[in-house]
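# Coordinate inspection notes
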Amino acid sequence: MLQERVRFRFAGGAQGFNWLPVFVADEFGIFRKHGLEVEYRKMNGVAQATQAVLDGEAELAITPPEGAVTDFLRGGALRIVAANAVRLPMSLVARPGITTPAQLRGKKIGTSSLTEGTAIYTQILLAGQGLTYPGDYEFALAGIHTSRWAALQSGDIDAAPQPAPWNFLAERQGYTLLAEVHDAIPDILFTALIGNRDWLQANRGMVGRLLATLTEAHAITNDQARLEEILPIFQRITTPDDADLARRGLVYMRDMGMWPEGLAISERALATTVDLMIRAGLLDGAERERAMAVFDRSHLQALAG
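Since we're looking at a predicted model, the values are computed, not measured. (Residues numbered from 1 in each chain as written. Predicted model: local features only at pLDDT ≥ 70, side-chain atom pairs only at ≥ 80, totals over all residues. Heavy atoms only, no water.)

## Structural notes on the pattern of salt bridges
A complete count under the given rule lists 20 salt bridges for this structure. Here Arg 172 ties to Asp 242 by a salt bridge, and the two come within 2.6 Å at their closest N and O atoms. In this pair, Arg 172 is assigned in helix α7 (residues 166-172) and Asp 242 in the loop between α11 (227-237) and α12 (243-256), connecting sequence segments 70 residues apart. Classification of Arg 172 as partly exposed rests on a relative accessible area of 48%. For Asp 242, a relative accessible area of 18% gives the class buried. (Salt bridge = Lys/Arg side-chain N within 4 Å of Asp/Glu carboxyl O. Helix = DSSP H or I, 4+ residues; strand = E, 2+ residues; numbered from the N terminus. Buried < 20%, exposed > 50% of the residue type's maximum accessible area, 1.4 Å probe, protein only.)

The structure is reproduced here in structure tokens:
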């Protein structure tokens, strides 16, 4: 018997590579199979996606979890329901002539923020290479990855963290991949499924259908045998004119475990996210344990039976 079709609004920022399983679920008819219809709400940024759930403009969002953590600690209703992506698929890319991290001493590194995100990832990565901030290098606010790539090419910056497959595009053009962010930060709740506590509780059945849908989509996305089916979708949302580059990026993300089986959030991944917020000054260290309670495990537990 067919399930009654339920429509919901799904918000996100760029809705790029980390949304691949969602688009797989759509194009493979998995949403339809579970009685769901999706209205995509593409926002101007990740903070706006979080705000859309707060304002009731969307029922759910896939977005970095920091906004939900902050809201939760203020007594708000946002909760993390499941993981979307648990890896940081990016390399530290340097201009030609710089071949080791040590050569970044005294150089300028482009980031999308001076206090969080790419700046924090870069600090942790370079600390492992013996470089400290401030002192050994400086940051330049260079925008998102496409803007950072332009700044690298123009010589305005010397290096920048770049996500796949744009890191491989840079390598193809003679730039150096100095180090992998994933090696320095192996587990993190990069992006999560978030919702409003009251709506989640009132719509547990629908949430269960969604989690079942995305679990199936994650399995397909991670299936090596289905690479050729997945590749056109990934190419469309990353590098529309370059199938070879898209293939390399997709394999790189899949093999590092970007999209977790069963949408699982490990204790380590969530703790890493919270600890990075503390490091960025977004969260008081005294709130660390309480912040971990933003993850409402009951929905995934119900799915597992």
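## Side note on the packing of aromatic side chains
The tally for this structure, following the rule as stated, stands at 12 aromatic pairs. Measuring from ring centre to ring centre gives 4.6 Å for Tyr 133 and Phe 139, while their planes differ by 50°; the resulting arrangement is tilted. Residue classification places Phe 139 among the buried residues on the basis of a relative accessible area of 9%. Ring centres 5.5 Å apart and planes at 75° place the aromatic pair Tyr 137 and Phe 139 in the edge-to-face group. Like Tyr 137, the residue Phe 139 is buried in the burial classification. Each member of the aromatic cluster is reached from another via a ring pair, and the members are Phe 8, Phe 10, Trp 19, Phe 23, Phe 31 and Tyr 40. (Phe/Tyr/Trp six-rings, centres within 6.5 Å; stacked < 30°, edge-to-face > 60°.)

## Quick notes on the environment of Leu 54
Structurally, the position occupied by Leu 54 is in helix α3 (residues 46-54). For Leu 54, a relative accessible area of 35% puts it in the partly exposed group. The spacing of Leu 54 and Asp 26 is 28 residues in sequence and 25 Å in space, taken between C-alpha atoms. The contact partners of Leu 54, leaving out residues within four places of it in the chain, are Asp 71 and Leu 78. (Contact = heavy atoms within 4.5 Å.)

## Quick notes on unusual backbone geometry
Here the amide bond leading from Tyr 133 into Pro 134 is cis, since omega sits at -5°, within 30 degrees of zero. Turning to its location among the elements, Pro 134 is positioned in the loop between α5 (118-127) and β7 (138-141). Omega for the bond connecting Ala 164 with Pro 165 falls within 30 degrees of zero, at 0°, which places this linkage in the cis form. Along the chain, Pro 165 turns up in the loop between β8 (159-163) and α7. Look at Leu 263: it is not a glycine, yet its phi comes out positive at around 60°. Within the fold, Leu 263 resides in the loop between α12 and α13 (267-279).

## Quick look at the sheet that holds strand β3 (residues 60-63)
Across the sheet, five strands lie side by side as β2-β1-β3-β10-β4; this open sheet has mixed pairing. At either end of the open sheet lies a strand with only one pairing partner, and these are β2 (36-42) and β4 (78-85). For this sheet the average axis-to-axis angle between neighbouring strands, irrespective of direction, equals 25°. Of the strand pairs in this sheet, β3 and strand β10 (residues 191-196) are connected by four bridges, and their pairing is antiparallel. By the bridge assignment for β10, Ala 61 is matched with Ile 194. (Pairing = 2+ DSSP bridges. Axes fitted to C-alpha atoms, helices over the stretch in contact; angles between N-to-C directions.)

## Quick notes on the pairing of β7
Bridge count between strand β6 (residues 108-111) and β7: four bridges; the pairing is parallel. When the bridges of β7 are listed, Thr 111 appears paired with Leu 141. Once you follow β6 into α5 and on to β7, the crossover reads as right-handed. (Right-handed = clockwise from strand over helix to strand, strands pointing away.)

## Quick notes on the packing of helix α1 (residues 20-27) against helix α10 (residues 204-221)
When two helices pack together, you describe them by how their axes are tilted relative to each other and by the distance separating the axes. Put simply, α1 and α10 touch, their axes get as near as 8 Å, and they point 105° apart. It follows that α1 is roughly perpendicular to α10 by the angle criterion. Facing Leu 20, Pro 21, Val 22, Val 24 and Ala 25 of α1, the residues of α10 in contact are Thr 213, Leu 214, Ala 217, His 218, Ile 220 and Thr 221. Taken together, the residues of the contact of α1 with α10 break down into eight nonpolar, three polar and no charged. (Parallel < 35°, antiparallel > 145°, perpendicular 65-115°, else oblique. Nonpolar A, V, L, I, M, F, W, Y, C, P; charged D, E, K, R; others polar.)

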